[in-house]
Amino acid sequence: MMKADTIMLHGGQSSNGTGASVTPVYQTAAYAYTSAQELADVFAGKAPGYVYSRIANPTSVALEQRLAELEGGIGCITTSSGMAAIASAAMGLLRAGDEILSTSGIFGGTVSLFANTLSRFGIKTKFLQNNSSEELGKVISERTRLIFFETISNPAMDVPDIDRFAEVANKHNIILVADSTATTPILIRPKDFGAHLVIHSTSKFINGHGNAIGGAIIDTGLYNWRQGRFEDIALLAKRAGQMAFLSHLRNLIYRDLGGCASPMNSFLMLQGLEGLGMRMQRHCSNALALAQFLKSHKDVKWVNYPGLAESGYYGRVQKYFKGLGGGLLSFGLGGRESAFKFIDALKMARNLANIGDSKTLVIHPAST
Ligand SMILES: *Cc1c(COP(=O)(O)O)cnc(C)c1O
């Protein structure tokens, strides 16, 4: 089996028989066939092939294979954004009356999707208060179908006890979804600790250069779809086995919602992935050095970085993330006014809203 650093360079490589050393950008909407029968067979799923880039595109498929390999998953679907990935996964699993249990302190767009948008379709979300597995075990109900957490939450930087979350999920036969955007496969493969689905906003660390928006859903293969609590997927699993969810997603939900990845963006993500290993190591060592510096500065009231020895999450960083605390840190200067003054005085760090770029950013989350 290839190691992560090798997969990042070679996984899913496709050269279309031309010997091209880089996966080409298949900038095409549709795919032509020589006979009507051939196209009909591909359409019906009886023969392999591409039909229309809303459903699948070879550049995006190369990225999907690379991400699935990196996560140790059975397959992946790339999407137009991280939000499209979370929305498609949720819409593909849930019905009116179902409930999501989610950690709190997570990405604002996800909070809004759960609280404002999915609620319009009768899907309720309960947000945990202290993000502990004990609380999770207590608030679970008959209607809970999905547990959602971020590996390192953005912006609160909580690190849930992932294998305890998996225990609770498995006990109730509920799907456990990990948003691993802030950790990437370099810090953790959520599959190794029991997550059933892994989500990435590839716009962030995976891209790494702030030049494209994208997302991905990886099925780790750990959820038994045949015996799962999702009737239509269980039915499909009789024919499609463990690929049932990805098939249901690609051929129905994702096809109907239309949140497909653009081939050009998938190309940029493939390029970004090539340097991810080195970038993540550097993000983590820089963030740790900065956290240590800020901690000893007289004007800094508090520093929150999970990789600091005094952080309540330090133990989990060792257990789950190989000791790497991630590329995000927060600190307090005593209020909005001093924070704004500090941001305005910075010469290099840019004031913008896209984590995971190789260039440092600074933002005041409470006012954005
Ligand atoms: C940015 C982000 C998202 C949403 O991704 P987009 O690509 O911006 O749609 C989801 N989860 C986390 C943790 C994020 O940081």
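Everything numeric here is computed off the predicted structure, so don't read it as measured data.

## Focus: the layout of surface pockets
Here the second largest pocket defines a volume of roughly 780 Å³. Elements represented by at least two residues in the lining of the second largest pocket include exactly α2 (36-43), α3 (58-71), β1 (75-79) and α10 (244-257). When residues in the lining of the second largest pocket are grouped by element, the largest group, five residues, is from α10.

## Quick word on the sheet that holds strand β5 (residues 175-179)
With mixed pairing, the seven strands of this open sheet are ordered in space as β1-β7-β6-β5-β4-β2-β3. One side of each edge strand has no neighbouring strand; the edge strands of this open sheet are β1 and β3 (124-127). Each strand axis lies, on average, 20° off the axis of its neighbour in the sheet, ignoring direction. Pairing analysis gives five bridges linking β1 to strand β7 (residues 215-219), with the strands arranged antiparallel. By the bridge assignment for β7, C76 is matched with I218. Helix-sheet contacts for helix α7 (residues 162-171) involve β4 (144-150) and β5, and the interaxial angle to β4 is about 175°. Contacting β1, β6 (197-201) and β7, α10 crosses the sheet at an angle of about 25° to β1.

## Topic: the packing of helix α9 (residues 231-240) against α10
Packing of α9 against α10 leaves a shortest axis separation of 8 Å and a crossing angle of 110°. Taken together, α9 and α10 sit at an angle that is classed as roughly perpendicular. α10 is crossed by α9, and the crossing has right-handed handedness. Taking contact as the criterion, the partners of D232, I233, L236, A237 and A240 in α9 are, on α10, A244, F245, S247 and H248. Residue classes in the contact of α9 with α10 are distributed as six nonpolar, two polar and one charged.

Calculation rules
Residues numbered from 1 in each chain as written. Predicted model: local features only at pLDDT ≥ 70, side-chain atom pairs only at ≥ 80, totals over all residues. Heavy atoms only, no water. 1 Å grid on protein atoms, 1.4 Å probe; cavity = no way out; pocket = protein on both sides within 12 Å on 5 of 7 lines; lining within 4 Å. Points joined across faces, edges and corners; volume = space filled by probe spheres on them. Helix = DSSP H or I, 4+ residues; strand = E, 2+ residues; numbered from the N terminus. Pairing = 2+ DSSP bridges. Axes fitted to C-alpha atoms, helices over the stretch in contact; angles between N-to-C directions. Contact = heavy atoms within 4.5 Å. Parallel < 35°, antiparallel > 145°, perpendicular 65-115°, else oblique. Left-handed = near helix turned anticlockwise from the far one by under 90°. Nonpolar A, V, L, I, M, F, W, Y, C, P; charged D, E, K, R; others polar.

On their own, these measurements won't tell you what the molecule is for.
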